[in-house]
Amino acid sequence: MNRPDAIFYSITFYAYLASFLLYIVHVALKKEKVGLYATIVAGIGLIPHSIAFGTRWAHQGHIPLANMYEYMGLMSWMVVAGLIYFVIRYKNHKIGVFVSPIPVMMLVVASLLPNEVNRQLMPALQSNWLAIHVTLAALGSGAFLISFAGGTLYLLTDDESVKVGRESVRREWNLFAIFWIAVPIVVAVLLKLIGILPTPINQVPANMMGRLTGSAVTQFALMASDGPLYWGRTAIGLGIGLVVAAIAWPLYHGRIVKQSKLAGAGSRMFMVVVAALLLSAIIVGFLIKNGTVMLTGRSYLKIFEFFGPVLVISWALSPILWFFMGRAQGAWVKSLGLKRTVFEEIGYAAVAIGYPLYTVGALFAGAIWAEQAWGTWWSWDPKEVGALIIWLFYTGFLHARYQREWRGKRAAVLLVLGMVFVFVSFFGNYFFGGLHSFEVT
Amino acid sequence: MSPTPPEKREAKQDGGFDKMIDQAWNLLKSMKFAIVILLILAAASIFNLFANEFIVPVRGGASQAYATYDQAYGGLRAGILTFMQMYSPYTSWWYSVLLGLLLLSLLVCVIDRGPIVWRLVTKPRFLDSSADFTDVPQHDTIKGAGAAAAMEKVFKRRGFLLSRTSNEAGEQLIAGSRNVWAHTGPWLVHVGFILLVLGGAMIARGSYQSNAGGLPGDLLKPDETEWGFNIRVDDFEIIYHPVQVGQYVQVDGGAMIGRIFDENEDGTFDIEIFSPSARTISSVDPARVENRIDRRMQGGRLDQTNIADYVATLTIIENGQEIRTETVEVNRPLRHNGYRFYQSSFNDRVSDDQGRWMTILNVRKDKGAPFVWLGIIICSFGLLVGMYFEPQRMYALVRGEGKDQEVFVAGRSERNRALFADRFETIVSAIREASARGTKEAS
């Protein structure tokens, strides 16, 4: 079936991409006007984005928030709206260079999710609470994405201007090697040991088999087969390990700095992986567009087929990026001239906007709806537990901000981890099933 | 023997128990404890999420736990898993202890912070001497004849409520407050959560739950003793979505089963047939296609996803009298005398002479529901107040008169300090401008 919203989503994507590129030009050339244009383009992008949402709503006959594609669309809308709000509030366009890639990435990922127009809503979803519950949760999650940007930049600006000598560079490379090779290998082995990575089809847990249908079972079987594909899938573990390393290094950054006087190395590792993931996603996106990489038609495991190559390519790209970023000495964040307190405040302000939306939307409205639909306020369903974990993290962050010892870096770490769980909860349906896996079943 | 450390001696002399209570109280009210318990709960929830997925499920209740684990993992691991109650991790003793600690922390915070919040909202705060002003990050001094009047004017124009007093030196002190009532927000959120947790605990411990089913014409119970009333099933109907792309369908009265993958402009369908043999048929007339399929797959009906709604018509009978008739759907339960009746499922293996299936209703009654509702309302209100309104305070000290008048100004915001620094600059500039205007007019 033709998607009437597709053309508007395409325009939106190109507007956000243009905005991101303009922000880069703004920062690189230090031209204030270009920053203004970038923000205007992002703002203009919200128009086709809103029209796409409205068109889909009109065409389906119900609010387009019944699947992950639609949810992600609204989340990215919130990120852009939040970006414009913060740019105006702080009178600084440079914020855009960190926040604007998020909606671009989200729209890329969303385009890989099942996105057919669906006029038939299952009975459990036919309620006004769908709009309240999902809209508020998506808007709250969007705000958390902005806080994530604030938190990571706070960690990055930990890069104090330490002169890096020849000896330090060698040490940095040694550390990079550990985080690039040793951590990913350990993670890959661990993942394999606990059975998340390719499992022979006869060892797939019975409860999981029940959830897989048709082509999904085929996918699982392929994962388990021997040969190049098997090793390709195993390499995904290395990619996941790289992401783990990227998060772990900045977290232990202080300790590393104290021991080896390598200020900035952890933060650079983080940026290397973020940049590598972005670049890889773009590469894989193009490979899919020109047909080199084929994704399984209606399979919900398509997302893994996308992220598999992305993770592997990221791992391969990392040393190259590490080399080039090392030459820049990580001073570019500092060169932006944004104070560290601004990042902290953006992180906090975004949580202050998103936390009430998420609490009322995801937890309270969800509980009220669950009482109305299933007769129980809380079922410890995986999605509910996911929402609770996210809520606990951000509640922890809000408390941390009032505690002197927990302010700043530790609070920023909570923002980063909180975001990880926003995504774990978001994609959790594919792993955990439960009452909220409307699409998967 | 080494001498007892002075702290320990003091504790013994001072009454060890009282001190212990004080220490426990201080620990429970501390922000650090709250952060740690929140993060431990988050970690425990993550652990449970994965444990539920990877640990062998136990069928037959807690009594079967050890035997099931023993068979899957062996004696030692089975003992640990059973002790940790991993067959029901979210209601396990250790998870309940964590929730209990969180509740205790919430209770202590609410009691401890109550008077502080009250004072923050009701009592104006002054800075007593010019030295105090320099301790506040945002501070400035304005000199000139009209400075004090200008300051008051600007404060008022910016929405600050003013209170006045004077210090021992006879200098005038002014306190301006804006949105200070928003200090109640976090406190209300804590109160709301206590009610929520209490309500949840009451529901978990003492709620009534059962299933009742019947064919149209049946009474759900033999008499009215259990609920104080009875329910009669008048009708039960399953409504299907219109036939459309993506649905499992049967063609020619069930001769072929497949899935529609495209709809043509002339309204015909292209269908991927699975049974009796795999093939594709094109341009099938909609009249040949039905989306009600009386076949099963993996324990469920093949047409499960084609169902738009399940509608049961029920009549409440109390003391033998028909009270009212209502339709019950998913998302629309029947509520009567505290009982709720949910359209839960149906049995398509039993039908009446008109071919109508048996409806199955889930019946519930929760004592804690009012607490949950109240908790949600208070908590939502607290979040709105606490997060979207920013308490701000301005302070001023007026020294001298006429040309020698000096006004010390300081300002503080609980949040967004960098933004408030800009706002403070604007306020001070406005005071300076107004003061200069006033001086000109006076001269």
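That block above? That's the structure.
Residues numbered from 1 in each chain as written. Chains lettered and ligands numbered in written order. Predicted model: local features only at pLDDT ≥ 70, side-chain atom pairs only at ≥ 80, totals over all residues. Heavy atoms only, no water.

A.B. asks: Give me the lowdown on the side chain of Ser19 of chain A, citing residues and values where you can.
C.D. replies: Residue and element names in this part refer to chain A. Assignment of secondary structure puts Ser19 in helix α1 (residues 6-29). Looking at Ser19, the relative accessible area reads 1%, which means it is buried. The contact partners of Ser19, leaving out residues within four places of it in the chain, are Ala38, Val41, Ala42 and Ser100. (Helix = DSSP H or I, 4+ residues; strand = E, 2+ residues; numbered from the N terminus. Buried < 20%, exposed > 50% of the residue type's maximum accessible area, 1.4 Å probe, protein only. Contact = heavy atoms within 4.5 Å.)

A.B. asks: Describe in detail unusual backbone geometry, supporting the description with residues and values.
C.D. replies: All names here are of chain B. Geometrically, the link from Ser275 to Pro276 is a cis peptide bond, its omega value of 10 degrees lying close to zero. The residue Pro276 is located in the loop between β8 (269-275) and β9 (279-284) in this model. Here Ser283, not a glycine, exhibits a phi torsion of approximately 50 degrees, which is positive. In this fold, Ser283 is placed in strand β9. For Ser283, a relative accessible area of 44% translates into the label partly exposed. A positive phi angle, close to 75 degrees, is found at Asn331, a residue other than glycine.

A.B. asks: Before we move on, can you summarise a positive patch on the surface with the specific residues and values?
C.D. replies: Together, Lys153, Arg157, Arg158 and Arg437 of chain B give the surface a local cluster of positive charge. Take Arg437 of chain B: it is sitting in helix α11 (residues 417-442). (Patch = residues over 30% accessible without salt bridge, like charges linked within 9 Å, V, L, I, M, F, W, Y side chains within 5 Å. Areas by Shrake-Rupley, 256 points an atom, 1.4 Å probe, with all protein chains shown as cover. Salt bridge = Lys/Arg side-chain N within 4 Å of Asp/Glu carboxyl O. Lys, Arg positive; Asp, Glu negative; His and termini not counted. Charge placed at Lys NZ, Arg CZ, Asp CG, Glu CD.)

A.B. asks: Tell me what's going on with the packing of helix α15 (residues 340-373) of chain A against helix α10 (residues 369-388) of chain B, and back it up with residues and numbers.
C.D. replies: At a minimum axis distance of 9 Å, the contact between α15 of chain A and α10 of chain B shows a crossing angle of 170 degrees. As judged from the angle between their axes, α15 of chain A and α10 of chain B are roughly antiparallel. Viewed along their axes, α15 of chain A and α10 of chain B form a crossing whose handedness is left-handed. Contact residues: α15 of chain A offers Ala352, Ile353, Tyr355, Pro356, Leu357, Thr359, Val360, Phe364 and Ile368 of chain A, while α10 of chain B offers Trp373, Ile376, Cys379, Ser380, Leu383, Met387 and Tyr388 of chain B. Its residues assigned to classes, the contact of α15 of chain A with α10 of chain B shows 14 nonpolar, 2 polar and no charged. (Axes fitted to C-alpha atoms, helices over the stretch in contact; angles between N-to-C directions. Parallel < 35°, antiparallel > 145°, perpendicular 65-115°, else oblique. Left-handed = near helix turned anticlockwise from the far one by under 90°. Nonpolar A, V, L, I, M, F, W, Y, C, P; charged D, E, K, R; others polar.)

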